[in-house]
Amino acid sequence: QDPSEAMVSAVLAAEPDVVFAGAEGGGRYLDLHACHEAYLNIKHNEHVDYYSYLTAHVLRPEAVSRAAARTGAYHRYLQGLLEYLTSFVQRTQPLAATAVAARLDEARE
């Protein structure tokens, strides 16, 4: 067996070193509990249960009051949400994650 075939076999046999939280179900589900807690800690914001947060608030910035949107806590919440979602994509779709990262870098510039 030539060295390139051995290398290909070794790469295909290797298990990826990806860690998921228990609630993420091996990468099948998002675990937004920490983001929900951060959302609840924003002053001037409506307190909602986890289900309502997922269905009506997480992707709808218009659901946040103007007073809440101007706080530092809200900006930290958005940063944490972005970091978690980016991390989740990188862990579940490593090849697609490079394209997502490039688009995020373009948007930040």
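Residues numbered from 1 in each chain as written. Predicted model: local features only at pLDDT ≥ 70, side-chain atom pairs only at ≥ 80, totals over all residues. Heavy atoms only, no water.

**Student:** Summarise the nonpolar core; cite the residues concerned and give the values.
**Tutor:** Counting 14 residues, the largest nonpolar core has Leu32, Cys35, Tyr39, Tyr53, Tyr77 and Leu81 as its most contacted members. Elements with a minimum of two residues in this core: helix 2 (33–40) and helix 5 (72–92). When residues in this core are grouped by element, the largest group, 5 residues, is from helix 5. Those residues in contact with Tyr39 that sit more than four places away from it in its chain are Asn45, Glu46, Val48, Tyr53, His57, Ala63, Val64 and Tyr77. (Core = buried A, V, L, I, M, F, W, Y, C linked by side-chain atoms within 4.5 Å. Buried < 20%, exposed > 50% of the residue type's maximum accessible area, 1.4 Å probe, protein only. Helix = DSSP H or I, 4+ residues; strand = E, 2+ residues; numbered from the N terminus. Contact = heavy atoms within 4.5 Å.)

**Student:** Residue-level account of the packing of aromatic side chains, with values.
**Tutor:** Across all of its chains, the model carries 7 aromatic pairs by this definition. With a centroid separation of 6.4 Å and an interplanar angle of 65 degrees, the aromatic rings of Phe20 and Phe88 are classed as edge-to-face. Of the two residues, Phe20 sits in the loop between helix 1 (3–13) and helix 2 while Phe88 sits in helix 5, which places them 68 residues apart along the sequence. Exposure remark for Phe20: the relative accessible area of 23% places this residue in the partly exposed category. Each residue in the set Tyr39, Tyr50, Tyr53, Tyr74 and Tyr77 is aromatic and connected to the rest through ring pairs, giving one cluster. (Phe/Tyr/Trp six-rings, centres within 6.5 Å; stacked < 30°, edge-to-face > 60°.)

**Student:** Lay out the pattern of salt bridges with the relevant residues and their values.
**Tutor:** Any two side chains of opposite charge can pair, on the condition that their charged atoms come close. For the structure shown, the criterion picks out 2 salt bridges. In this structure, Arg91 engages Glu24 in a salt bridge whose closest nitrogen and oxygen atoms are separated by 3.0 Å. In this pair, Arg91 sits in helix 5 while Glu24 sits in the loop between helix 1 and helix 2, placing the two residues 67 residues apart along the sequence. Classification of Glu24 by relative accessible area gives buried; the value is 2%. (Salt bridge = Lys/Arg side-chain N within 4 Å of Asp/Glu carboxyl O.)

**Student:** Account for unusual backbone geometry, naming residues and giving values.
**Tutor:** Even without being a glycine, His44 presents a positive backbone phi close to 65 degrees. Mapped onto the elements, His44 comes out in the loop between helix 2 and helix 3 (50–57).

**Student:** Mind laying out the environment of Ala21, listing which residues take part and the relevant values?
**Tutor:** Following the sequence through the fold, Ala21 ends up in the loop between helix 1 and helix 2. With a relative accessible area of 37%, Ala21 lands in the partly exposed category. When the C-alpha positions of Ala21 and Asp31 are compared, they lie 7.9 Å apart, and in sequence the two are 10 residues distant.

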